[in-house]
Amino acid sequence: MEQNIVLTGMVLNVMPIGEYDKRITVLTKERGKITAFARGARRPTSQLLAVTAPFSFGEFEFFQGRSTYNLRKASISNYFRGLSADPIKACYGFYFLEVADFYARENNNEKELLKLLYLSLRALETGKMDCRLIRRVFELRVLLEAGECPDVSACRCCGKKEGLKYFSAQSHGMLCGACFQGGDGIKTEDSAVYAMQYALASEVKKLYTFTVSEEVLSQLERILDRIFVEETGHTFRALEIIKEMGQGMY
């Protein structure tokens, strides 16, 4: 049965269709990731032109047919225009959209992922925290939401919560000094362990309220580069641009 529905969400990506139309992917709170058509949205005079841009967050009204969604109108509360003024922030933002698109599923409860995405983009826009650190916190929380997060709360071998000195991708988490037998371990400072524990345990609204030293950030980059690539097995286009800008490790 055909009906109109209103969903809260954010535009993740946009594809041109035909001469004047767009196909958009929207991460919604109520129905997870959906694909919709925006008829005439590429016309300069279309009311759908601005509301179908990436990062657009608000309420979207769709006409739902048997197998497709068609966008009728939208009320956008945040376009994240501050990102467009800084190429580096914009690239990180597009990376976050790509990651959300990769992990989100149709007809799934994606409320927490949408909240994480929104607040991560806000953190990028305000500029109060290093973009590289925001990225690593975002990646950790995405892995947590997906049920793929490494265990950084205790030694994966003996279960001890103290003396966690090495991150092991093979063990999918931390190892204490006594249990580490060499191999793929990354020596990890206590501050890096605490940072990961905080990022995984905190409320989403409190995630982006701390800083770390350059040494600790480098350790977080090494750890997340290893585990995130292993879990996703995917190449994100925005990361290639970030790499060219000399941002972080890969």
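Here the structure is shown first, and the text comes after it.
Conventions and cut-offs
In this convention, every chain numbers its residues from 1, walking through the sequence in written order. Local features are withheld for residues below a pLDDT of 70 in this predicted model, meaning they are given only at 70 or higher, and side-chain atom pairs are given and counted only at 80 or more; totals for whole chains, interfaces and linings count all residues. Side-chain figures throughout are based on the complete set of non-hydrogen atoms in the structure, without hydrogens or water. In DSSP terms, a helix is any run of H or I states spanning at least four residues, a strand is any run of E spanning at least two, and both are numbered starting from the N terminus. Using C-alpha atoms as the atom set, the radius of gyration is obtained and then compared with a globule rule of 2.2 Å times the number of residues to the power 0.38. Burial classes follow relative accessibility: with a 1.4 Å probe on protein chains only, a residue under 20% of its type's maximum area counts as buried, one over 50% as exposed, and anything between as partly exposed. The set of buried Ala, Val, Leu, Ile, Met, Phe, Trp, Tyr and Cys residues whose side-chain atoms join them within 4.5 Å is what this entry labels a nonpolar core. Should DSSP find at least two bridges between two strands, the strands are regarded as paired. The axes used here are C-alpha line fits, helices contributing only the stretch in contact, and every angle between their N-to-C directions lies in the interval 0 to 180 degrees. Any pair of residues with heavy atoms lying within 4.5 Å of one another is described as a contacting pair. Here a cavity means grid points, on a 1 Å grid over the protein atoms only, where a 1.4 Å probe fits yet cannot get out; a pocket means an open set of points with protein on both sides within 12 Å along at least five of seven lines; lining residues are those with an atom within 4 Å of a point. Grid points are joined across faces, edges and corners, and a volume is the space filled by probe spheres set on the points. When the centres of two rings from Phe, Tyr and Trp lie within 6.5 Å, Trp using its six-membered ring, the rings pair. Their planes under 30 degrees apart give stacked, over 60 give edge-to-face, and anything left gives tilted. To sit over a ring, a charge needs its Lys NZ or Arg CZ within 6 Å of the ring centre and within 35 degrees of the ring normal. The directions considered for the arc run from the helix axis to the C-beta atoms. Under the scheme applied, nonpolar residues are Ala, Val, Leu, Ile, Met, Phe, Trp, Tyr, Cys and Pro; charged residues are Asp, Glu, Lys and Arg; polar residues are all the others, including Gly. Only one rule defines a salt bridge in this text: a Lys or Arg side-chain nitrogen within 4 Å of an Asp or Glu carboxyl oxygen.

## Re the overall build of the protein chain
- A count of helices and strands for the protein chain gives seven helices and eight strands.
- Its C-alpha atoms give the protein chain a radius of gyration of 20 Å, within 12% of the compact-globule value 18 Å for 250 residues.
- In terms of principal-axis extent, the alpha carbons of the protein chain reach across some 65 × 40 × 30 Å.
- Within the protein chain, buried positions represent 50% of all 250 residues.

## Observations regarding the nonpolar core
- By size, the foremost hydrophobic cluster in this structure holds 67 residues, and its most contacted members are Met-10, Tyr-95, Leu-117, Leu-121 and Tyr-208.
- Counting residues in each nonpolar core, the second largest holds 16 residues, with Leu-7, Ala-41, Leu-48 and Leu-71 among its members.

## Quick look at the sheet that holds strand β4 (residues 57-64)
- Taken in spatial order, the five strands close into a barrel running β1-β2-β3-β5-β4, and their pairing is mixed. Across the sheet, the mean angle separating the axes of adjacent strands is 50° when strand polarity is ignored.
- In the packing of helix α2 (residues 87-103) onto the sheet, the strands contacted are β1 (3-17), β2 (21-28) and β3 (32-38), and the crossing angle to β1 comes to about 120°.

## What about empty space enclosed by the protein?
- Under the defined criterion, the tally for this structure stands at one cavity of 30 Å³ or more.
- Lining of the largest cavity is provided by Leu-133, Arg-136, Val-137, Leu-140, Ala-195, Met-196, Ala-199, Phe-210, Leu-220 and Leu-224.
- For the lining of the largest cavity, the secondary-structure elements that each account for two or more residues are α4 (131-145), α5 (190-201) and α6 (214-232).
- Of the residues forming the lining of the largest cavity, the biggest block, four residues, is contributed by α4.

## A look at the packing of aromatic side chains
- Counted under the stated rule, the structure contains 14 aromatic pairs.
- Aromatic side chains Phe-80 and Tyr-118 sit 5.3 Å apart centroid to centroid with 70° between the ring planes, which places their arrangement in the edge-to-face category. Of the two residues, Phe-80 sits in the loop between β5 (69-78) and α1 (81-84) while Tyr-118 sits in helix α3 (residues 111-126), which places them 38 residues apart along the sequence.
- Sitting over the ring of Tyr-20, Arg-43 keeps its end group 3.7 Å from the ring centre.

## Things to note about the pairing of strand β6 (residues 164-168)
- Most of β6 is tucked away: four of the five residues are buried.
- As judged from the four bridges shared by β6 and strand β7 (residues 173-176), these two strands associate in the antiparallel manner. Within the sheet, the bridge partner assigned to Phe-167 lies in β7 and is Met-174.
- Linkage of β6 to β7, two consecutive antiparallel strands, is achieved through a turn of four residues, within which His-172 is found at a positive phi near 60°.

## Description of helix α7 (residues 237-244)
- Within α7, the full set of buried residues consists of Ala-238, Leu-239 and Ile-242. Around the axis of α7, the buried residues are gathered within 100° of arc, so they sit on the same side. Away from its buried face, by an angle of more than 90 degrees, α7 presents the exposed residues Arg-237 and Glu-244.
- Residues of α7 that are buried sit in contact with α2 and α4.

## Here we look at the layout of surface pockets
- Looking at the largest pocket, its volume works out to about 360 Å³.
- Residue lining of the largest pocket: 16 residues in total, with Leu-12, Asn-13, Glu-98, Asp-101 and Arg-237 positioned closest to the centre.
- At the level of elements, β1, β2 and α2 are the ones that each hand at least two residues to the lining of the largest pocket.
- Here the element with the most residues in the lining of the largest pocket is α2; it accounts for five residues.
- Considered class by class, the residues forming the lining of the largest pocket number nine nonpolar, three polar and four charged.

## Thoughts on the pattern of salt bridges
- Taken as a whole and assessed by the stated rule, the structure comprises 14 salt bridges.
- Of the charged contacts, one joins Glu-139 and Arg-135 as a salt bridge, the two residues approaching to 2.9 Å between their closest N and O atoms. With Glu-139 and Arg-135 both in helix α4, this residue pair falls four residues apart, about one helical turn. Each member of the pair, Glu-139 together with Arg-135, is buried.
- A salt bridge links Asp-151 to Arg-156; the shortest N-O distance between them is 4.0 Å.
- Linked through salt bridges whose partners overlap, the residues forming this network are Arg-135, Arg-136, Glu-139 and Asp-225.

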